[in-house]
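Coordinate inspection notes
Here are the chains, one letter per residue:
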Amino acid sequence: MACPYLAYRAAAGGHAFDEERAFCTATGEFVQPMRADICNGRYDLAHADDCEIYRERVDGAGTAHDEET
Amino acid sequence: MSYEEYLAGDPVIVTAALTGGVHGKEANPALPETPEEIGRAAGEAAEAGASVVHLHARRPNGERSFAVDRFEEIDEAVRRHAPEVVIQHSTGGTGVPDEVRHQPLRTDPPPEMASLDMGPLNRYDHLTSENTRALVDSLHAEMVDRGIKPELEVFNDGHRNEVHGLLDRRRLADPVYATLIFGPGTLTRPRPRNFLTATDDLPDGAVFNTLGFGRHQLPFATMGLLFGGHVRVGLEDNVYYERGTLAESNAQLVARVGRLAEELGREVASPAQAREILGL
């Protein structure tokens with residue numbers, strides 16, 4: 001099941017792309033491609049379990065930081 | 001490998017990690033995502049000195065793909081733009097079923113090399129890429145069957161134990177080739193003493209590649225050069241050229257490390273030399 005905060009947009013926040021890309025309406029930012037698999041519920045991934053941004057919004061359980069470079 | 005090998009002036013293999021599967025154009029618009037963009041980036045990187053290209057596949061919107069035909073499209077584009085370069089497919093994939101992780105090995109023709117992640121690593125706050133021993137063994141077995149050279153990705157100190165354990169369980173073709181990875185999170189802390197420990201602790205005869213994430217890319221590449229190792233650079237691992245300035249291209253990062261190698265007295269390996277060093 002896709003995350004309710006997921007949208008697909010071709011432009012936002014000064015970024016513009018040829019193809020519509022995953023956009024998080026909770027953060028107001030385009031989503032990293034790997035995180036988009038969580039947003040879309042692909043494989044065994046689920047936003048309710050695996051996304052700290054969603055969890056923080058829903059129940060304040062996440063820390064909403066990212067160590068990726 | 002050691003400082004003595006640096007003094008001997010052995011050629012250095014530069015691997016260009018062109019695209020990756022974590023971030024995309026939202027992080028740096030110059031990051032190639034489509035097969036044609038990746039092919040062109042490979043050509044430019046090869047021209048700048050890369051002899052190996054490390055490849056991930058993406059959907060048209062930049063999201064991850066593990067499909068065999070998508071990898072084949074990318075390989076065809078790479079071959080058009082860089083006919084001699086060594087192709088290395090990633091088998092990494094956080095949150096992806098094990099069976100899907102095998103797909104990048106099943107292209108026709110198969111890649112000459114493929115990555116083999118040596119153990120678990122955390123992603124974000126709630127995900128772990130498990131990379132179980134069972135998966136490592138099954139990926140390695142398929143690589144052997146298809147004549148693919150594994151590039152052992154050592155994300156942290158525990159993964160060096162896993163390298164030794166893999167050698168206890170399975171026979172690896174000489175030379176063992178391991179990428180030592182330094183950076184934030186689950187990765188080995190990017191400190192010079194950790195680099196020295198890691199290089200001392202590899203199996204006898206192993207050849208190492210050096211990968212620093214983000215701002216650690218250039219200093220750790222330099223350490224790799226100075227201790228007789230090989231280096232990996234590219235937009236998969238680092239989207240910046242310097243603090244606050246995005247890199248213009250993969251080739252820009254390859255060219256910089258090539259200049260550094262030559263200033264330090266190490267020739268940048270051609271694809272033919274890379275194949276000889278790696279036993280391909």
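Presented here is an overview of the structure given in this document.

Conventions used here
Residues numbered from 1 in each chain as written. Chains lettered and ligands numbered in written order. Predicted model: local features only at pLDDT ≥ 70, side-chain atom pairs only at ≥ 80, totals over all residues. Heavy atoms only, no water. Contact = heavy atoms within 4.5 Å. Buried area = accessible area lost by both parts, 1.4 Å probe. Salt bridge = Lys/Arg side-chain N within 4 Å of Asp/Glu carboxyl O. Nonpolar A, V, L, I, M, F, W, Y, C, P; charged D, E, K, R; others polar. Helix = DSSP H or I, 4+ residues; strand = E, 2+ residues; numbered from the N terminus. Expected span 1.5 Å × (residues − 1). Buried < 20%, exposed > 50% of the residue type's maximum accessible area, 1.4 Å probe, protein only. Polar contact = N/O pair within 3.5 Å; in protein donor to acceptor, adjacent residues only side chain to side chain. Phe/Tyr/Trp six-rings, centres within 6.5 Å; stacked < 30°, edge-to-face > 60°. Core = buried A, V, L, I, M, F, W, Y, C linked by side-chain atoms within 4.5 Å. Pairing = 2+ DSSP bridges. Right-handed = clockwise from strand over helix to strand, strands pointing away.

Quick look at the interface of chain B and chain A now. Contact with chain B, which involves 29 residues of that partner, is made by 33 residues of chain A. On the chain B side of the contact with chain A, B:Glu26, B:Tyr124 and B:His126 bury the most area, a combined 29% of that side's loss. Inspection of the region where chain B meets chain A yields 4 salt bridges. B:Arg64 is paired through a salt bridge with A:Asp37; the nearest N and O atoms lie 2.7 Å apart. Its residues assigned to classes, the side of chain B that touches chain A shows 9 nonpolar, 10 polar and 10 charged.

Looking now at helix α9 (residues 250-263) of chain B. Residue and element names in this part refer to chain B. Compared with an ideal rise of 1.5 Å per residue, which puts 14 residues at 20 Å, α9 spans 20 Å between its outermost C-alpha atoms and is within 8% of the ideal. The set of residues buried in α9 consists of Asn250, Ala251, Gln252, Leu253, Val254, Arg256, Val257, Gly258 and Ala261. Close packing links the buried residues of α9 with β1 (14-17), α2 (35-48), α8 (217-226), β12 (230-233) and β13 (240-242). In this structure Ser249 caps α9, since a side-chain oxygen of it lies 3.4 Å from the backbone nitrogen of Ala251. Once α9 finishes, Gly265 follows within two positions and takes phi at roughly 90 degrees, a positive value.

Overall, the coordinates contain 11 aromatic pairs over all chains when judged by the stated rule. Aromatic side chains A:Phe17 and A:Phe30 sit 4.9 Å apart centroid to centroid with 85 degrees between the ring planes, which places their arrangement in the edge-to-face category. With a gap of 13 residues between them, A:Phe17 in strand β2 (residues 15-24) and A:Phe30 in strand β3 (residues 29-30) connect regions that are remote in the sequence. The residues A:Phe17 and A:Phe30 share a single accessibility class, namely buried. Arranged with centres 6.0 Å apart and planes meeting at 50 degrees, the rings of B:Phe182 and B:Phe195 form a pair that is tilted. Pair noted here: B:Phe182 is in strand β10 (residues 177-182) and B:Phe195 is in helix α7 (residues 192-200), with a separation of 13 residues, a long-range link. Accessibility expressed as a relative area gives 0% for B:Phe195, which makes it buried.

Take the side chain of B:Ser65 next. Residue and element names in this part refer to chain B. Examined against the element boundaries, Ser65 turns out to sit in strand β4 (residues 64-65). Within the local environment of Ser65, its side chain forms a polar contact with the backbone nitrogen of Ala67, the two atoms lying 3.2 Å apart. With residues near it in sequence (within four places) discarded, Ser65 still touches Ala57, Arg58, Arg59, Arg70 and Phe71.

Residues and elements named next belong to chain B. Grouped together as the largest cluster of nonpolar side chains are 30 residues, with contacts concentrated most on Leu18, Val53, Leu55 and Val78. Of all the secondary-structure elements, those providing two or more residues to this core are β1, α2, β2 (52-55), α3 (68-81), α8, β12 and α9. Ala114, Leu135, Leu139 and Phe208 belong to the second-largest nonpolar core, a separate cluster that totals 25 residues.

What follows concerns the pairing of β10(B). Residue and element names in this part refer to chain B. With 6 of 6 residues buried, β10 is to be regarded as a mostly interior element. Taking every second residue as pointing to the same face, both faces of β10 are buried, with Tyr177, Thr179 and Ile181 on one and Ala178, Leu180 and Phe182 on the other. Pairing of strand β9 (residues 149-154) with β10, which is carried by 3 bridges, proceeds in the parallel orientation. The residue of β10 that forms the bridge with Glu153 is Thr179. In this view, the connection linking β9 to its parallel neighbour β10 by way of helix α6 (residues 157-169) has right-handed handedness. Two strands pair when backbone bridges link them, and β10 and strand β11 (residues 207-212) are joined in this way by 6 bridges, in the parallel orientation. Paired with Tyr177 across the bridge in β11 is Val207. The parallel pair β10 and β11 is bridged by α7, and the resulting crossover is right-handed.

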